[in-house]
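Below are the chains, spelled out letter by letter.
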Amino acid sequence: MAMEAASHTACRARRILVGAKSRQKESWDELFQAADKDRSRMLDLKELKIVIREKLHIPESALTDFEIQSIHGEIDLDQSGVIDWSEFLTFVARGPKRPEDEAKLFALRTKRVHRNLRMAFNKFQTDQAAVQKLFEKIDRGSDGKISIHELLSFVRSDLKLSKWDVFESEMKSFYRTMDTDGDGVVVEELLQFIHKTRSSFQKGKPGRPDVEVARADRATEDGGGGEQISCGVLGLYGKECLFQRKRQTHYAKNPPSTERRWSESKQLSLPKPALLGWHDCAATSCAWAGPDSEGCAALAMKALEEGKPFDALARLLSNTARTEISCERALRTCATSESLRCGMLSALALESLGLLNLAQERLGQAARMAKDVDLSTLQMALEAMKRVRGRERQIEEGDAQVLMEEIQRMGALLGDQEAGYWISCVGECSRSKEGQAELVQKGFLLEAHRNLQQPAQVARHASLVALRYRINKKLQRHLSAAGLLMGVADQCLLPKALHSPLSVDPLEEQLRQSLDELRAKRLVVLDEVLPPEALCKVKLELQRMRQEQVLQNDTNDVCNPLQEAKYLPFADDATQFRESCPVTMQVMQRLAALASILEEELGLQLAVPKSAMAACYPPKASYKMHLDSYFLHGCPDDIPRKVTILLYCNQGWTKSVGGELRAWEAFDQGRGPSRTIEPLTGRMVVFMAEEIWHEVLESHGDRYALTLWIHDRARVQISP
Ligand SMILES: O=C(O)CCC(=O)C(=O)O
Ligand SMILES: [Fe+2]
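Just so we're clear, the structure is a prediction, and the values are computed from it rather than from any experiment.

(A) Main features of the overall build of the protein chain. Scanning the protein chain from N- to C-terminus turns up 31 helices and 14 strands. Residues counted as buried form 55% of the 720 residues belonging to the protein chain. Counting only contacts in the protein chain whose residues sit at least 6 apart along the sequence, the fraction spanning at least 24 positions is 74%. Of the roughly 32,000 Å² of accessible surface on the protein chain, a fraction of 54% belongs to carbon and sulfur atoms.

(B) The arrangement of the site of ligand 1 in detail. Contacts to ligand 1 come from Met 613, Tyr 617, Tyr 623, His 626, Asp 628, Leu 646, Tyr 648, Leu 661, His 694, Val 696, Arg 703 and Trp 709. Interatomic distance of 3.1 Å between a side-chain N/O atom of His 626 and an oxygen atom of ligand 1. The separation between an oxygen atom of ligand 1 and a polar side-chain atom of His 694 is 2.9 Å. Surface burial for ligand 1 is 97%, taken as the share of its 290 Å² of free accessible area covered by protein chains. Of all the elements in the fold, those that place two or more residues in the shell around ligand 1 are strand E7 (611-617), strand E8 (623-626), strand E9 (641-648), strand E13 (694-696) and strand E14 (703-712).

(C) Spatial organisation of the coordination of the iron ion (ligand 2). Distances from the iron ion (ligand 2) to its protein donors, His 626 (NE2), Asp 628 (OD) and His 694 (NE2), fall within 2.0 to 2.2 Å. Read from N- to C-terminus, the donor residues coordinating the iron ion (ligand 2) fall into the pattern H-x1-D-x65-H. Here Asp 628, found in the loop between E8 and E9, pairs with His 694, found in strand E13; they are 66 residues apart in sequence, far enough to count as distant. For Asp 628, a relative accessible area of 6% translates into the label buried.

(D) Broad picture of the environment of Asp 179. In this structure, Asp 179 sits in the loop between helix H9 (168-178) and helix H10 (187-203). Sequence separation of Asp 179 and Ser 147 is 32 residues, and the distance between their C-alpha atoms is 9.5 Å.

(E) Quick peek at the pairing of strand E12 (residues 684-688). Within E12, 5 of the 5 residues are buried, which leaves the element mostly enclosed by the surrounding structure. Across the two faces of E12 the burial is the same, with Met 684, Val 686 and Met 688 and Val 685 and Phe 687 all buried. As paired elements, strand E4 (residues 523-526) and E12 share 4 bridges and run antiparallel to each other. Bridging from a neighbouring strand, Leu 526 pairs with Met 684 of E12.

(F) Broad picture of the packing of helix H2 (residues 28-35) against helix H5 (residues 85-92). The N-to-C vectors of H2 and H5 enclose an angle of 130°; their axes lie 11 Å apart at closest approach. Classified by the angle their axes make, H2 and H5 are oblique. In terms of crossing hand, the pair formed by H2 and H5 is right-handed. Two secondary-structure elements touch here, H2 through Trp 28, Asp 29 and Phe 32 and H5 through Trp 85, Phe 88 and Val 92. Among the residues making up the contact of H2 with H5, the classes are represented as 5 nonpolar, no polar and 1 charged.

(G) Looking closely at unusual backbone geometry. For Glu 528, which is not glycine, the phi dihedral falls at a positive 50°. Its identity as a non-glycine residue notwithstanding, Lys 620 has a phi of 85°, on the positive side. Within the secondary structure, Lys 620 is located in the loop between E7 and E8.

(H) Just the sheet that holds strand E11 (residues 674-677), in detail. Spatial ordering of the open sheet is given by E8-E13-E10-E11, a layout of 4 strands whose pairing is antiparallel. The open sheet has two edge strands, E8 and E11, and neither has a second partner. This sheet shows a mean twist of 15° between the axes of neighbouring strands, independent of strand direction. As judged from the 2 bridges shared by E8 and E13, these two strands associate in the antiparallel manner. Note that in E13 the partner of Tyr 623 across the bridge is Val 696. Here helix H23 (residues 433-442) sits on the sheet in contact with E8, strand E10 (661-664) and E13, set at roughly 125° to E8.

(I) Inspection of the side chain of Ser 596 at higher detail. Structurally, Ser 596 is set in helix H31 (residues 595-602). Ignoring sequence-local partners within four residues, the contact set of Ser 596 consists of Pro 495 and His 499.

(J) Region of interest: the pattern of salt bridges. Taken as a whole, this structure holds 22 salt bridges when the rule is applied. One salt bridge in this structure joins Arg 391 and Glu 406, with 2.7 Å as the shortest N-O distance. Placement of Arg 391 in helix H20 (residues 375-397) and of Glu 406 in helix H21 (residues 400-414) is noted, with a sequence separation of 15 residues between them. As far as the burial class goes, Arg 391 and Glu 406 line up, both buried. With a shortest N-O distance of 3.3 Å, Arg 519 and Glu 601 are connected by a salt bridge. Linking Arg 519 in helix H27 (residues 515-521) with Glu 601 in helix H31, this pair joins segments that are 82 residues apart in sequence. In this structure Glu 601 comes out as partly exposed when scored by relative accessible area, which is 30%.

(K) Layout of the packing of H2 against helix H3 (residues 45-55). Where H2 meets H3, the axes come as close as 8 Å, and the angle between the chain directions of the two elements is 120°. Judged by the angle between their axes, H2 and H3 are oblique. Crossing of H2 against H3: the hand is right-handed. For the pair formed by H2 and H3, the contact residues are Leu 31, Ala 34 and Ala 35 on the first element and Glu 47, Ile 50, Val 51 and Lys 55 on the second. A per-class count over the contact of H2 with H3 returns 5 nonpolar, no polar and 2 charged.

(L) Inspection of the packing of aromatic side chains at higher detail. One pass over the full model with this rule turns up 7 aromatic pairs. With centroids separated by 5.2 Å and ring planes inclined at 75°, the aromatic side chains of Phe 32 and Trp 85 adopt a geometry described as edge-to-face. On the criterion of sequence distance, the pair formed by Phe 32 in helix H2 and Trp 85 in helix H5 is long-range, its members being 53 residues apart. Residue classification places Phe 32 among the buried residues on the basis of a relative accessible area of 0%. The interplanar angle of 55° and the centroid separation of 5.3 Å between the aromatic rings of Phe 32 and Phe 88 together place this pair among those described as tilted. Placement of the pair is Phe 32 in helix H2 and Phe 88 in helix H5, with a sequence separation of 56 residues.

Rules behind the numbers
Throughout, residues of each chain are indexed from 1 in the direction in which the sequence is written. Chains carry letters and ligands carry numbers; both start at the beginning, A for chains and 1 for ligands, and go up in the order they are written. Owing to the predicted nature of the model, reporting of local features is limited to residues with pLDDT of at least 70; listing and counting of side-chain atom pairs is limited to 80 or more, with chain, interface and lining totals taken over all residues. Heavy atoms from the whole structure form the basis of all side-chain values; hydrogens and water molecules are not counted. Strands here mean DSSP runs of E at least two residues long; helices mean DSSP runs of H or I at least four residues long; both are numbered from the N terminus. Per-residue accessibility, obtained with a 1.4 Å probe over protein chains only, is compared with the maximum for each type, and a residue is labelled buried under 20%, exposed over 50%, and partly exposed between these values. Contacts are assigned to residue pairs that have any heavy atoms within 4.5 Å of one another. In these tables, accessible area is a Shrake-Rupley quantity obtained with a 1.4 Å probe, and a residue counts as shielded only by the protein chains included in the view. Proximity is defined per residue: if any heavy atom of the residue lies within 4 Å of a molecule or strand, that residue is considered near it. A 3.5 Å cut-off defines polar contacts: any pair of N or O atoms within that distance qualifies, except that in protein one atom must be a possible hydrogen donor and the other a possible acceptor, and neighbouring residues in sequence count only when both atoms are side-chain atoms. Distances decide who is a donor: an N, O or S atom must be within 2.8 Å of the metal, or within 3.2 Å for Na, K and Ca. Water is not included, so sites may look incomplete. Each pair of strands is called paired provided DSSP finds at least two bridges between the two strands. What counts as an axis is a line fitted to C-alpha atoms, over the stretch in contact for a helix, and the angles between N-to-C directions run from 0 to 180 degrees. Reported orientations rely on four angle classes, namely roughly parallel under 35 degrees, roughly antiparallel over 145, roughly perpendicular from 65 to 115, and oblique for the rest. Note on convention: the crossing is left-handed when the near helix lies turned anticlockwise from the far helix by less than a right angle, right-handed when the turn is clockwise. When residue character is reported, Ala, Val, Leu, Ile, Met, Phe, Trp, Tyr, Cys and Pro are called nonpolar, Asp, Glu, Lys and Arg charged, and the others, Gly included, polar. Here a salt bridge means any side-chain nitrogen of Lys or Arg lying within 4 Å of a carboxyl oxygen belonging to Asp or Glu. Here a pair means two rings of Phe, Tyr or Trp (six-membered ring of Trp) with centres within 6.5 Å. Their orientation is stacked below 30 degrees between planes, edge-to-face above 60, and tilted elsewhere.

The following block contains the structure:
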């Protein structure tokens, strides 16, 4: 155990050292020489401290003297009592430098990628008929051979492996292993491959859970590497997730005692923020082990009293089944109880998700409505506020180490695929001028950060915003699942339940006539779909809801902070909105009835959420370029939106009102030509949510729209 704790310290220390060094001009060699006072080419403990404190300016609060002593022992591989240059370099530049080491690392990565792919293929049946069917599915061109492009498209859209799991370049080497004779993959080769995969997996069955956990622990220990954003991808995620998964499996079978979970999460959550990712993993693992809510909630409070906010959060997390839900729980508690303590828990949960401005807002709110204020709680709230603000300042200033820590923390919360996707995308973009411009346009980079000298620093800033955006989306999803935010994750209805084959609606007819265009272009614009009087009434209803603050904005939404919106349940007869906005309800039902035509004509299997969004863009509001679902782009957990239907109600719209919708052609990542669509009253836009990149240009007046997202049935819960 002592050994493990020391290694943890070493990993963390290395990260801190490397972070500090990146702000320094000198090379490691120069730093080493400057500290090596007696010119022995060796560093004793005193000299190592000189490097750390005087040369790298790392304060005691970041790395204690005791920790330096312990890492000195670890760096000193031959235990001679002093560190020589090669030991020092092995430590700080852990990871490859020599070509042969680089090659080894590449081989390791390729092995991992092959394993990912094999695992994905492992689920297919091995009999001849099943493989033949699979082959035909992959072979889209039906020429009897699977090309590398066909395989890649299958891997992305069917196996749902993102860029993070498999880079395009690695696909080539994988394809070569399938294509044994180099003339394209034929059905026999696929058969052979699947058979081989199956037998290799049977050989390599996982071992005993405790052994697996120990192995996962070692893997994570060995991993290090958190300081590298090479190619914009953070190497640590895979390790953390492996660790997390193994531990979950182990705990699912052998639930640990509350005390054990408590001590484990304490042990993993060091008081310094550097390992928060770990901490969150631990907390999630603990949560998995089986919640005993009351006890955990009490422990959360206890930890909070001890002044350990993140430990407190761990308890809070273990009170729930999922990490994100903790936040929702805290928010709910905060919303329903006028208690400073609950407000604080909620703020801490938000802080742990990296949503610092929301955390700050929540702390302020909690303090204002505090009924049970005692001095020590108030003190804690003030400290939390100070910490949140301090953290925000460090992020704004672009402290490389802080940025990395935040990225790791959020990455661990999002899960490797999703976080990896975003980081690799923004990482890639940040390396070129055009890419940076695109990041600014998509809302993931501030103009000010575009001019930073180092691409890695640009990537860090952009990754942080992207991850924050995703976390916020995830949180919204969970809040709505918990009934706190009506909408995105509602239970759904089958299209047929909303459509009467007997009634003929002119709106449906209009849609039917435009289906060819929708099929080809993946987007279609229809005008005058409803009578102007009805649309006038909808607008009046929405205006009233705005006045009553039913429509609200989300300041933490980096892409669209000013929009005022609300999901309105339209499918339920008892809905409160039936009386307050009857016309809007009817219009939403008619939009929903269109799902049945889309399902039949586009060959989709759809599900209709029981609510649609009413939104107003006040002056200055805009929505950065985005997709409505990133499911096909490496986020398997994203909102299952398949088709977007927009209906505008802006009587007398002129160019001066602004707020045009700009849509790019399907699948070009928002890089090719685009078309501008005015939000004219009675105009309906229908498009494929996963394929069409779009943005809303700045509004100069109040711009109203209804939006219904129709979901992919395979990915939602259907009402009985
Ligand atoms: O209102 C619009 O035109 C589009 C809004 C949008 O893209 C969204 O809410 O996702
Ligand atoms: Fe959208």
